[in-house]
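Chain residues, written in single-letter form:
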Amino acid sequence: MNGVVLESFSTTWTPWGYRVLPAYELEYNLSCLFRLQGYSLELYALDYARNLWLEGYARLRAMFYGLPTFVSNRDLTRI
C-alpha cells in the first residue's frame, strides 16, 4: 500500500443532500489524518459536493491540512 484516501474528509452526501460533516466527524477525520502522517504514505482527501460553496469548503480545509483533494458528486463522475 502506497497511499490512503480519506473519504468524506470534510463533506459528504446523504439521501437528504450534500452537507458539511458535523464537528465531531471533522475532529475524528483529523485524528485519523494525524495518525496516518506517522507513516510513509501518500495521503489524499475525497469529498462530495454539489455546489461551489461546499466544494470550496472541502478544498480549503484539505489545503489547510496539506492534503491533495478530489471533490466529486456521489457517483464520482467529476473526478
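Details of the structure are given in the entry above.
Definitions and limits used
- Residues numbered from 1 in each chain as written.
- Predicted model: local features only at pLDDT ≥ 70, side-chain atom pairs only at ≥ 80, totals over all residues.
- Heavy atoms only, no water.
- Salt bridge = Lys/Arg side-chain N within 4 Å of Asp/Glu carboxyl O.
- Helix = DSSP H or I, 4+ residues; strand = E, 2+ residues; numbered from the N terminus.
- Buried < 20%, exposed > 50% of the residue type's maximum accessible area, 1.4 Å probe, protein only.
- Phe/Tyr/Trp six-rings, centres within 6.5 Å; stacked < 30°, edge-to-face > 60°.

Topic: the pattern of salt bridges
Here is step 1 of the chain: Scanning all chains against the criterion turns up one salt bridge.
Here is step 2 of the chain: Among the ionic pairs, Glu55 bridges to Arg59, the shortest N-O distance being 3.1 Å. Of this pair, Glu55 and Arg59 both sit in helix α2 (residues 52-64), four residues apart, which is roughly one turn of the helix.

Re unusual backbone geometry
Here is step 1 of the chain: Of note in the backbone geometry, Ser8 takes a positive phi value of approximately 55 degrees without being a glycine.
Here is step 2 of the chain: Position of Ser8 among the secondary structure elements: in the loop between β1 (3-7) and β2 (11-14).
Here is step 3 of the chain: Residue classification places Ser8 among the buried residues on the basis of a relative accessible area of 14%.

So, the packing of aromatic side chains
Here is step 1 of the chain: Using the criterion set out here, one finds five aromatic pairs in the structure.
Here is step 2 of the chain: When the centroid spacing of 6.3 Å and the interplanar angle of 65 degrees are considered together, the rings of Phe34 and Tyr65 count as edge-to-face. In this pair, Phe34 is assigned in helix α1 (residues 23-36) and Tyr65 in the loop between α2 and β5 (69-72), connecting sequence segments 31 residues apart.
Here is step 3 of the chain: For Tyr65, a relative accessible area of 25% translates into the label partly exposed.

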